[in-house]
Structures are given as C-alpha cells and as structure tokens.
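# Survey of secondary and tertiary structure
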Amino acid sequence: MANEKTPVEKTPVTLLGLGAMGAALGRTWLDAGHPLTVWNRTPGKTDALAAYGAEVADSAAEAVAASRLVIVCLLDDASVGEALADADLTGKDLVNLTTGTPAEARERARWAEERGARFLDGGIMAIPPMIGVPESGGYIFYSGPRALFDEHRATLAVPTGTSYAGEGPGHASLQDVALLSAMTGMTGGILHAFALVRGEEDIAPKEFAPLLSGWLTAMALAVDQTAAQLESGDYTEGVVSNLAMMTAGNATLLRTAEEQGVSTELIAPFTDLMAARLAEGGHDGESVTGIVDMLRHK
Ligand code: NDP
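Being a predicted model, the structure only gives us computed values, none of them experimental. (Residues numbered from 1 in each chain as written. Predicted model: local features only at pLDDT ≥ 70, side-chain atom pairs only at ≥ 80, totals over all residues. Heavy atoms only, no water.)

## Here we look at the side chain of K92
One can find K92 in the loop between α4 (77–83) and β5 (93–96). Here K92 sits buried without a salt bridge, and the closest side chain of opposite charge, D88, lies 7.5 Å off (N-O distance). Of note is the side chain of K92, whose polar atom sits 3.0 Å from the backbone oxygen of V64. Setting aside chain neighbours within four positions, we find K92 in contact with V64, A65, S67, R68, V70, G116, A117 and R118. (Helix = DSSP H or I, 4+ residues; strand = E, 2+ residues; numbered from the N terminus. Buried < 20%, exposed > 50% of the residue type's maximum accessible area, 1.4 Å probe, protein only. Lys, Arg positive; Asp, Glu negative; His and termini not counted. Salt bridge = Lys/Arg side-chain N within 4 Å of Asp/Glu carboxyl O. Polar contact = N/O pair within 3.5 Å; in protein donor to acceptor, adjacent residues only side chain to side chain. Contact = heavy atoms within 4.5 Å.)

## Brief notes about the pattern of salt bridges
In total, this model carries 12 salt bridges according to the counting rule given. R108 is the salt-bridge partner of D77, the closest N and O atoms lying 3.0 Å from each other. Of this pair, D77 sits in helix α4 while R108 sits in helix α5 (residues 102–114); the two residues are 31 residues apart in sequence, bridging distant segments of the chain. Given a relative accessible area of 9%, R108 falls into the buried group. Taking the shortest distance from any N to any O, the salt bridge between R146 and D150 comes out at 3.2 Å. Placement of both R146 and D150 in helix α6 (residues 146–156) is noted, with a separation of four residues, approximately one turn of the helix. R146 sits in the partly exposed class, given a relative accessible area of 32%.

## Notes on the packing of aromatic side chains
Within this structure, the stated rule accounts for four aromatic pairs. Centre to centre, the rings of Y142 and F149 are 5.6 Å apart; their planes meet at 40 degrees, and the pair counts as tilted. For the ring pair F194 and F208, a centre distance of 5.7 Å and an interplane angle of 75 degrees mean the geometry is edge-to-face. In this pair, F194 is assigned in helix α7 (residues 171–197) and F208 in helix α8 (residues 205–219), connecting sequence segments 14 residues apart. Its end group placed over the ring of W111, R108 keeps NZ or CZ at 4.5 Å from the ring centre. For R146, the ring lying beneath its charged end belongs to Y164, and the centroid distance is 4.4 Å. (Phe/Tyr/Trp six-rings, centres within 6.5 Å; stacked < 30°, edge-to-face > 60°. Lys NZ or Arg CZ within 6 Å of the ring centre and 35° of its normal.)

## Some thoughts on α5
Think of an α-helix as turning once every 3.6 residues; residues three or four places apart then point the same way. Compared with an ideal rise of 1.5 Å per residue, which puts 13 residues at 18 Å, α5 spans 18 Å between its outermost C-alpha atoms and is within 8% of the ideal. For α5, the set of buried residues is P102, A105, R108, A109, W111 and A112. Along its buried surface, α5 packs onto α4, β5, β6 (118–125) and α7. (Expected span 1.5 Å × (residues − 1).)

## Regarding the site of the ligand
Near the ligand, the surroundings consist of 22 residues, among which M21, N40, T42, K45 and T99 are the closest. The separation between an oxygen atom of the ligand and a polar main-chain atom of L18 is 3.4 Å. For the ligand, an oxygen atom lies 2.7 Å from a polar atom in the side chain of T99. Contact with the protein chains hides 77% of the accessible area of the ligand, taken as 900 Å² for the molecule alone. Looking at the shell around the ligand, the elements with two or more residues in it are α1 (20–31) and α4. Considering each element in turn, the shell around the ligand owes the most residues, three residues, to α1. A breakdown of the residues in the shell around the ligand according to their chemical character gives 11 nonpolar, eight polar and three charged. (Near = heavy atom within 4 Å. Areas by Shrake-Rupley, 256 points an atom, 1.4 Å probe, with all protein chains shown as cover. Nonpolar A, V, L, I, M, F, W, Y, C, P; charged D, E, K, R; others polar.)

Below you can see the structure in the form of structure tokens.
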C-alpha cells in the first residue's frame, strides 16, 4: 500500500510523433520520470529520446499497446488516421494534440469512441522552446469529457500549462484557432505599420518596434470592452472612440498608405467593413463590435 515513503508511480505515456513539438513534449515526461514509449514514422528521430530512456516501438500499433494513455502529435488530422489505422484502441485514453479544425476534432472523437477509446482533443498554445518552461506562459487547451481530463491532468500538465475548454470535442481546436486568427490579423497590422515607415531613413525599424509593441499592448485591453458589449448587447457601452469618428479617421490611414506608396490590401477589408456598418445607419455612437454580427451573417 502506498504511504509517504513509497514513491508515487508515474503514469506511463505513449507518444506518437517526434517532430519539433513531439520531441519537446516527450523530453519533459522523461525528465519527470514517466515511463515513455515513442514511435515516429521516420525511425531516426527516436534516437535522442531513446538516449534519455524512452522505449522505442517499431510500429504505431505496438506503441499504442504499451500504455493506456496515448498522446498523438502529428502533422495534421489525416496523418492521425493513417498512423492509427492498425492500432487497437480498445480501452485506451487517446489525447490528440495534432492541430485540426473543430469539425475534424468532433469526427476524430467519434472515430476514437467507435474504436473503444476515450478521447480528448488538444490545441497547443506554445512553440517548442516554451515546452517544459512554465514561466513561458505556454499552455494547451483540452476538450472532451471533464472526468477524463481530470484523471490525466497531472500527467498532461508536465510539458506545459493546461486549460480545460469544455466537453464539446471541438472546443479546444476552436479556441486555439480563434487565438491564432486574432494573431493573424495583428501580424497583418504590424507588417502594414512597418511598410509605412520603411524607406524613411530617420525611422529605424528597431526604434519603431518598441513604439509598436507598446501601442498594441495598450490596445489589447479593448478585448474586455468588446466582450462586455457582446454580453450586454449594448455596443455603445463605455465607448470613447465611436464608429463614425473611426471611419472618418480610416480615410487618413488609407491616404497615408497611398502617400507612402504602400498597398492598402491588409487593412482595406477591415476599413470597408467599418464603412459598411456605418452605412447601415443607427450605429454612429457604437464601437466596432457590431462587425462581429456582420461577419457571422455573411
Ligand atoms: P513537424 O513537421 O516537426 O513534425 C510532424 C510530425 O508528424 C513528424 O513526426 C512526422 O513524421 C509526422 N507525420 C507527418 N505525416 C505523417 C503521416 N502521414 N503518418 C505518420 N506520421 C506523420 O511538426 P511539429 O512537431 O512542429 O507539429 C506537430 C503538431 O503540433 C502539428 O499539428 C502542429 O500544428 C502542432 N503545433 C506545432 C507548433 C510548433 O511551433 N511547432 C505550435 C503549436 C502546435 P516524420 O518524422 O516521419 O516526417
């Protein structure tokens, strides 16, 4: 019987996929003392973890047979189906950290359950150097049965933080992709800003960079107001920069781009939507939150 002198047995883990992300994940479970069985389609990539004590399986099916908890971190959803085609998933707890769409996650959950496995889907909000570095702020969204997440939470928390996204299997992927989509828009804005000042000899990119990151950090607080307005349904709540004023200001943004010889293709789709929202009438005093509704109705 376990007592305080008996070391707690660490849950054995099987990991399929030792790309950049899988290799980083696997190392942390070994460091934490979990028995680890690994498989990778290209065999040589298992050498580094084998040197740290991982068992190397010759096939995905053999790796799956080695542990109840099976983590999959492959390129895309199609590679998951391919790799697990011959594996017996009966009684397994399958955790899929492969990036995919919410619909792919829901379908993969159904597929896994039909094969006798319990299933969690994960969305990784970290890059490999953040894995095993708690202060990096990285984490993984998980969705699927709460009890299953709770059962494996300690093991799942070894590589990076955990965030439970809900019972619906598509929720982890949806929140992952929503955050990545926000980053995509932000990156587009950053590139447009650099393009505007590029070519001005007395505005060095390295001097402009802290102005840009400081401004974006300050403006990021607007997400709380957007959330509050979406919940109350009142898009004028707390507005200090209204749609009519911002739409007028957009003309300056577009003319400045022209003056600087910079294409407006990254910002024009958004300024067009703001103009269209204003043209609907009755929204002058609102924020831009109404564009959420416009996007959903398109
Ligand atoms: P890599 O390209 O480094 O590795 C891809 C892995 O998938 C390799 O193990 C590769 O095997 C395997 N693979 C590809 N196709 C198949 C297939 N048909 N059958 C079996 N195995 C296959 O990618 P990462 O490790 O960086 O990414 C893995 C997952 O993690 C992706 O879904 C990615 O979106 C996600 N992710 C990655 C991040 C990153 O910054 N790297 C950040 C957040 C999420 P082989 O070695 O044989 O090619």
